[in-house]
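The primary structure of each chain is shown beneath.
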Amino acid sequence: MALKIYNTLTRTKELFVPIEEGKVKMYVCGPTVYNFFHIGNARPFIVFDAFRHFLQYIGYQVIYVQNITDIEDKIIKSANEENVSTAEIASKYTKAFFKDIEKLGIKKADYYPKASAFVKEMIELIKVLIEKDYAYESDGDVFMSVEKVANYGKLSGKLIDKLQVGARVEENQAKRNPLDFVLWKKAKPNEPFWESPWSKGRPGWHTECVVMSQHYLGTPFDIHCGGIDLIFPHHENEIAQAESASGKKFVNYWMHNEYLNIKGEKMSKSLGNFFTTREILKKYDGEVIRMFFLSKHYRSPIDFSEQLMIEAQKGLENLYNSLRLADFSPKSEFNETEQFKEAFSKYEQKFISALEDDFNTASGIAVLFEISREIKKRLSKNKKITKQEKQDVYLLAVILYRLGKIIGLFNKEEKFQKNIDRNFEDILGLLIKIREELRQRQDWELADKIRIGLKKLGIILIDKKDGTEWEVVL
Ligand code: AMP
Ligand code: ZN
């Protein structure tokens with residue numbers, strides 16, 4: 001078995017060879033904390049978190065860094081709009097970020113550097129770039145001179161000549177070339193600033209990620225990730241700075257997830273066509289959102305729809321159902337027989353080779369459904385199940401559970417606590433009856449208490465003409 005990754009830099013699927021044996025150093029561009037992140041932003045957060053889970057499963061020690069962009073123009077704009085300081089905005093949305101990713105079941109990164117904590121190091125990098133004549137100061141701003149950068153455009157495949165034709169003529173006369181990008185930005189009145197040799201100002205976004213990633217991971221490091229919108233200019237400009245300053249390769253593998261679209265268009269704050277992850281989390285459990293993203297390959301676009309979310313919910317429920325039908329409990333002791341080992345190895349191999357093929361979670365999840373179908377098929381025979389058959393089914397459930405765990409599924413312990421089946425339905429029926437009586441007596445408050453209480457437990461009541469039905473949701 002061998003892990004292959006599609007590397008944006010070479011536009012090919014490459015065999016993954018880590019710099020240090022047994023270790024993977026990876027960096028994922030994090031959120032700009034000026035607003036609640038939208039469900040499109042959740043895609044890289046979830047996908048690369050799952051990728052990390054997988055890398056750990058196949059034996060790598062992973063150092064996982066995700067930055068918090070807390071210095072950026074959008075934060076200043078947001079602070080002005082909300083009439084508070086930029087630090088307050090950044091702190092509010094950083095907290096919100098952590099709360100939301102926890103609900104998405106994302107494991108904590110090893111490090112969450114904040115840009116504001118690394119300004120000194122950013123200034124040092126810019127100084128080196130000026131000394132080496134890659135960058136120049138102009139009226140308090142500092143720019144990177146792209147023409148001086150060897151192979152500028154190598155990540156995005158953009159050629160300087162073509163870019164130049166397309167670039168609009170900047171009003172900013174401070175730049176020597178319209179393509180030059182800012183490393184240090186002089187502060188305007190009322191903007192936050194840090195002291196520097198050039199002006200009171202702030203670093204540019206591209207400089208931030210170079211410094212934070214190298215600080216924790218060194219140069220070069222293994223994998224740098226983000227959405228495809230970051231290929232140009234963000235990641236191209238990271239490479240330009242890092243490699244010009246150090247003279248070494250910056251990153252070996254670049255992984256980029258495709259967009260979450262909405263009606264064919266990229267979901268984005270600026271277009272206003274977004275749902276915040278918070279909003280979606282009110283309706284669907286974080287694990288459903290994980291299932292939603294992992295059901296597709298990370299390099300395929302997804303068009304967001306309620307229908308797809310419901311499908312993900314049903315799919316996940318289907319898997320949990322099979323586990324419940326098999327009486328599976330993650331807490332039960334399980335004796336790993338030879339028969340188990342053999343069956344596990346067969347499915348594991350299939351699952352792992354799907355994920356090793358550029359992290360094809362869609363094919364991996366298909367394996368989970370295959371096991372789930374097998375469990376149901378064996379249980380649906382029209383005869384009493386023997387003890388042996390029950391054990392065989394349990395064995396399949398253990399396999400299903402263990403494989404799902406590799407990509408961060410099956411964390412809802414409470415979903416395994418069913419096996420009170422009949423009791424459960426009887427008690428629910430009784431509650432529905434009592435509620436019905438309360439409604440007839442017009443005691444809406446108490447009737448609602450039952451409905452809301454059940455909803456909190458993941459049971460939705462649906463009132464129909466001829467009675468009330470119920471549904472278990474995640
Ligand atoms: P931002 O906070 O805008 O820097 O974005 C955080 C991450 O979300 C980056 O990796 C972006 O590439 C990614 N991203 C932004 N919009 C989308 C989208 N519609 N679909 C998938 N990823 C996105
Ligand atoms: Zn970045």
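Placed above this text is the structure.
Residues numbered from 1 in each chain as written. Chains lettered and ligands numbered in written order. Predicted model: local features only at pLDDT ≥ 70, side-chain atom pairs only at ≥ 80, totals over all residues. Heavy atoms only, no water.

### Observations regarding the overall build of the chain
So, point 1. Scanning the chain from terminus to terminus reveals 15 helices and 15 strands.
So, point 2. Taken along its principal axes, the extent of the C-alpha atoms in the chain is 80 × 60 × 35 Å.
So, point 3. The 474 residues of the chain split such that 51% are buried.
So, point 4. Across the chain, contacts joining residues at least 24 apart in sequence account for 75% of those joining residues at least 6 apart.
So, point 5. Accessible surface computed for the chain: about 23,400 Å², of which carbon and sulfur atoms make up 50%.
So, point 6. Looking at charge distribution, the chain has the averaged site of its 73 positive side-chain charges lying 3 Å from that of its 69 negative ones. (Helix = DSSP H or I, 4+ residues; strand = E, 2+ residues; numbered from the N terminus. Buried < 20%, exposed > 50% of the residue type's maximum accessible area, 1.4 Å probe, protein only. Contact = heavy atoms within 4.5 Å. Areas by Shrake-Rupley, 256 points an atom, 1.4 Å probe, with all protein chains shown as cover. Lys, Arg positive; Asp, Glu negative; His and termini not counted. Charge placed at Lys NZ, Arg CZ, Asp CG, Glu CD.)

### Quick notes on the packing of aromatic side chains
So, point 1. Across all of its chains, the model carries 32 aromatic pairs by this definition.
So, point 2. Judged by centre distance (5.8 Å) and plane angle (80°), the rings of F16 and Y60 are edge-to-face. Of the two residues, F16 is situated in the loop between β2 (12-15) and β3 (23-28) and Y60 in the loop between α1 (42-57) and β4 (61-66); the sequence distance between them amounts to 44 residues. Residues F16 and Y60 agree in their burial class; the two are buried.
So, point 3. For the ring pair F340 and F344, a centre distance of 5.6 Å and an interplane angle of 25° mean the geometry is stacked. Remark: F344 and F340 occur in helix α11 (residues 338-356); sequence separation between them is four residues, near one turn of the helix. Exposure class is identical for F340 and F344. Each is buried.
So, point 4. Here the aromatic cluster, defined as three or more aromatic residues joined through ring pairs, consists of Y320, F328, F334, F340, F344, Y394, Y401, F410 and F416.
So, point 5. Here K158 stacks its cationic end above the ring of F232, 5.2 Å away from the centre of that ring. (Phe/Tyr/Trp six-rings, centres within 6.5 Å; stacked < 30°, edge-to-face > 60°. Lys NZ or Arg CZ within 6 Å of the ring centre and 35° of its normal.)

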